[in-house]
Amino acid sequence: MIQTRGLACRYPQGATLSFPDVDVPQGGMLLLQGRSGAGKSTWLALVAGLLTPSSGQLRVAGQDVAQLRGGARDRWRGRTIGFLPQQLHLSDALSVERNLALAFFAAGLAEDPARIRAVLDALGVAGLAHRLPGRLSGGQAQRVALARAILLQPRVLLADEPTASLDDEAAAAALALLREAAARCGATLVVATHDARVRDALRGAQVLPLAPQEAPA
Amino acid sequence: MKLLALAFRYLWARPLATVLNLVLLTLGLASITFVVLVTGQLDRSFQRDLAGIDLVVGAKGSPMQLILAGVFHIDVPPGNIKLADVQALARHPQVAQVIPLSLGDSFGGFRIVGTTPAYLAHYQLQLRQGRAWSRPMETVLGAQAAQAAGLKPGDSFIGGHGLGAGGRSHGDAPYQVTGVLAPCGCVVDRLILTSTESVWHVHEAHPAGGKEEDHADTDADREVTMALVRYRTPLAAAGFPRYVNSQTPMQAAAPAIEVTRLLRMLGVGSEVLQGVGAVLLLTAALSVFIALWSAVRERRADLAMLRMLGASPAKVSALLLAEGLWLAVLASVLGLALGHGLAALVGAILQAQQSLPVSGAVWMPAEAWVPAVAVLTAGAAALIPAISAYRVDVAQLLQRG
């Protein structure tokens, strides 16, 4: 679950972004909608524990994120948050299988090759395990990135603009896959997007509309 | 996946840069290894060969030549001196021992040295086979000379005039091998020892081709090439060389002074080589820095993703340091191997010339610094990229999309 109350984030430059309160149950879906600069990425970063709220409360999967510090917050993020970035950020130096193994390495967990194979298999890309990301199609790469995101069975799955630059058919397929993947591990799904097509595809999701905010004088 | 394994994979994802950095680091470390190996061995060799010799006395000329010819046997002697003069020196109250040396002949490139059993005792030489000489024309071979010449006790050989190959053969005066010495790691390994009388005998037996001064009928007229002198008291060093130089027709050369001069001359060469090694290491450090700095910039998104996946900033920066560490470890192994290989090559060339003993198969304690230098160089080069990796801003990366 994700629960926020009076959540705000102040940037070092002085600007403060305030966010509406939200309650998303475990296994639920949340759609963050807004134009560029509305604070979607900041909200995602707060939920992932990459930024610390300047005020308000934020509980993610039962944890008050602001209470976590340093390495404890990093470990918590690695084991609680799955993340599908807009640019997929698969390492070209590593095979698909090794890219997934990075999740174990980063989270400080023992590698589980059987789990890697199972997740790749579930997403239909098991045959690409030894291929380098540079030799994957866009759809294949997105499946691999999603496999990495759900590998450790996160409680929350964050997706940042997952349909950007996809045509309608590919966007629908990507969202279906995302929804299925989140359901598979019982994760709360959060999708940040300015793409109107996502709202139609994720029917039943809560919507958190974000609007650009004026920086204080 | 472990940190080192991941660092290795990242490293070899950029093979060109990695190989270039490895080559530069390896060459720098190999230069330093080579200098450490060669200077260390020469220094040991000089110390071993000079042990207990306070003064070398010979014909007037270059004192350095006297030391190189009489102690290290890598140069020709400046001439001969009267046996009577040497015997007079032996009676001097400040002299404890005089060991005469007579040079002039060789066999298979190995020098035949006429001397007394005191020479064997001076270097504490042990016989591996046979016995020492007991009469003229009997010889004892150094280990290297025996092995190269394929001689053993009971064999005989004919020496040739001169200290190099191709000299006139003393065909009617064969030497008998009575013993082979155990390896001593000193100059004697590559010498053929015999009595002083043998040298006189060989040259007196061939008046037709020999020089006039080779012919001697009495001890008073006989000559030796030089003499190794041991003082009765260290105080003799203050005045005895001056006495020899001014009061006798001979010249005195103090090994300590001449070897210091020699090492200073060799030191210039080794300093140049060390300087080249240092420049190569500096170049390598810059190259490693540029490669890792570029890697951080290129992989900023990968590193941010690692942070997103739960890696701490320290873990991400450790990844960069581990890449530097890999380069250091690989370059240390390659640099040490190359340095030893070069030393072995130089040693083989010197051995073919029966010159100074240098080997690639020895380990100098100072070589332990080579991996340390490598780690320091690569570590220093990786430090700023590692700090940059530590500071990767994941939130900012999200906002860039």
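Residues numbered from 1 in each chain as written. Chains lettered and ligands numbered in written order. Predicted model: local features only at pLDDT ≥ 70, side-chain atom pairs only at ≥ 80, totals over all residues.

### Points about the overall build of chain B
Part 1 of the argument: Counting its secondary structure elements, chain B contains 13 helices and 13 strands.
Part 2 of the argument: Computed over C-alpha atoms, the radius of gyration of chain B comes to 30 Å, more than 25% over the 21 Å expected from 2.2 N^0.38 for 401 residues, which places it beyond the range of a compact globule.
Part 3 of the argument: In terms of overall dimensions, chain B has a C-alpha envelope of 105 × 45 × 30 Å along the principal axes.
Part 4 of the argument: By the burial criterion, 46% of the 401 residues in chain B qualify as buried.
Part 5 of the argument: Pairs at least 24 apart in sequence give 78% of the contacts found in chain B among residues at least 6 apart. (Helix = DSSP H or I, 4+ residues; strand = E, 2+ residues; numbered from the N terminus. Rg over C-alpha atoms; globule rule 2.2 N^0.38 Å. Buried ≥ 20, exposed ≤ 12 C-beta atoms within 10 Å, placed from the backbone. Contact = placed C-beta atoms within 7 Å.)

### A look at the packing of helix α5 (residues 138–150) of chain A against helix α6 (residues 168–184) of chain A
Residues and elements named next belong to chain A.
Part 1 of the argument: Relative to each other, α5 and α6 sit at 20 degrees, their axes nearing to 11 Å. Taken together, the axes of α5 and α6 are roughly parallel relative to one another. Viewed along their axes, α5 and α6 form a crossing whose handedness is right-handed. Every residue of α6 that contacts α5 at G139, Q142, R143, L146 and I150 is listed here: A170, A174, L177, L178, A181 and R184.
Part 2 of the argument: Residue composition of the contact of α5 with α6, by class: seven nonpolar, two polar and two charged. (Axes fitted to C-alpha atoms, helices over the stretch in contact; angles between N-to-C directions. Parallel < 35°, antiparallel > 145°, perpendicular 65-115°, else oblique. Left-handed = near helix turned anticlockwise from the far one by under 90°. Nonpolar A, V, L, I, M, F, W, Y, C, P; charged D, E, K, R; others polar.)

### Remarks on the pairing of strand β12 (residues 226–231) of chain B
Part 1 of the argument: Bridging between strand β1 (residues 55–59) of chain B and β12 of chain B involves four bridges; their strand directions are antiparallel. Looking across to β12 of chain B, one finds that V57 of chain B is bridged to A227 of chain B. (Pairing = 2+ DSSP bridges.)

### Comments concerning the confidence of the model for chain B
Part 1 of the argument: In the predicted model, chain B carries a mean pLDDT of 86, and the fraction of residues at 70 or more is 92%.
Part 2 of the argument: The model gives residues 207–216 of chain B a pLDDT under 50, and that stretch makes 14 contacts with residues more than four places away or in other chains. (pLDDT = per-residue confidence, 0-100.)

### A look at the sheet that holds strand β4 (residues 29–33) of chain A
Two pairing modes exist for strands in a sheet, parallel and antiparallel, and in both the strands are linked by backbone hydrogen bonds.
Residue and element names in this part refer to chain A.
Part 1 of the argument: In space, the five strands of this open sheet follow the order β7-β8-β9-β4-β10, with parallel pairing throughout. Of all the strands in the sheet, the pair left with one neighbour each is β7 (81–84) and β10 (206–209). Ignoring which end each strand starts from, the neighbouring axes of this sheet average 20 degrees apart.
Part 2 of the argument: In the sheet, β7 pairs with strand β8 (residues 156–160) via four bridges, with the strands oriented parallel. For I81, the partnering residue across the bridge sits in β8 and is V156.

### Quick word on the interface of chain A and chain B
Part 1 of the argument: At the junction of the two partners, chain A supplies 30 residues and chain B supplies 19 residues.
Part 2 of the argument: Those elements giving two or more residues to the side of chain A that touches chain B turn out to be α1 (40–47), α2 (70–80) and α3 (96–107) of chain A.
Part 3 of the argument: With eight residues, α3 of chain A is the single largest residue contributor to the side of chain A that touches chain B.
Part 4 of the argument: When grouped by side-chain class, the residues that make up the side of chain A that touches chain B number 15 nonpolar, seven polar and eight charged.

### Quick notes on the packing of helix α2 (residues 15–50) of chain B against helix α11 (residues 313–352) of chain B
Residue and element names in this part refer to chain B.
Part 1 of the argument: Following both chains from N to C, one finds α2 and α11 inclined at 45 degrees, their axes separated by 7 Å at the closest point. Compared by their axis directions, α2 and α11 come out oblique. As for how α2 packs across α11, the hand of that crossing is right-handed.
Part 2 of the argument: Its residues placed into classes, the contact of α2 with α11 shows 16 nonpolar, seven polar and no charged.

### Details of the nonpolar core
Part 1 of the argument: Ranked by internal contacts, the top residues of the largest apolar core, which has 124 residues, are V47, A147, L157 and L158 of chain A together with V288 of chain B.
Part 2 of the argument: Among the elements that take part in this core, α2 of chain B stands out by supplying 12 residues, more than any other.
Part 3 of the argument: The residues contacting V288 of chain B, other than those within four sequence positions of it, are N21, G324, L327, A378, A381 and A382 of chain B.
Part 4 of the argument: Counting 54 residues, the second-largest nonpolar core is a separate cluster that includes L55, V71, L120 and L125 of chain B. (Core = buried A, V, L, I, M, F, W, Y, C linked by C-beta atoms within 7 Å.)

### Brief notes about the environment of Y390 of chain B
Residues and elements named next belong to chain B.
Part 1 of the argument: Turning to its location among the elements, Y390 is positioned in helix α12 (residues 369–390).
Part 2 of the argument: Sequence separation between Y390 and F240 is 150 residues, and the spatial gap between their C-alpha atoms is 70 Å.
Part 3 of the argument: The contacts of Y390, once residues within four sequence positions are left out, are P313, A314, V316 and S317.

### Considerations on the environment of S45 of chain B
Residue and element names in this part refer to chain B.
Part 1 of the argument: With respect to the secondary-structure elements, S45 resides in helix α2.
Part 2 of the argument: Once the C-alpha coordinates of S45 and G185 are considered, the two residues, 140 residues apart in sequence, prove to be 7.8 Å apart.
Part 3 of the argument: The residues touching S45, leaving out its near neighbours within four places in the chain, are L356 and P357.

### A short note on the environment of R69 of chain A
Residues and elements named next belong to chain A.
Part 1 of the argument: You can see R69 is positioned in the loop between β6 (63–64) and α2.
Part 2 of the argument: Taking the number of C-beta atoms within 10 Å as the measure of exposure, R69 has 9 and is therefore exposed.
Part 3 of the argument: Residues R69 and R79, spaced 10 residues apart in sequence, show a C-alpha to C-alpha distance of 15 Å.

### Considerations on α2 of chain A
Part 1 of the argument: Residues of α2 of chain A that are buried: R73, D74, R77, G78 and T80 of chain A.
Part 2 of the argument: The elements touched by buried residues of α2 of chain A are β5 (55–60), β7, α3 and β8 of chain A.

### Concerning unusual backbone geometry
Part 1 of the argument: The backbone of Q153 of chain A shows a phi angle near 50 degrees, a positive value even though the residue is not glycine.
Part 2 of the argument: At H73 of chain B, a position not held by glycine, the phi torsion is positive, near 55 degrees.
Part 3 of the argument: Overall, H73 of chain B belongs to the buried group, with 22 C-beta atoms counted inside 10 Å.

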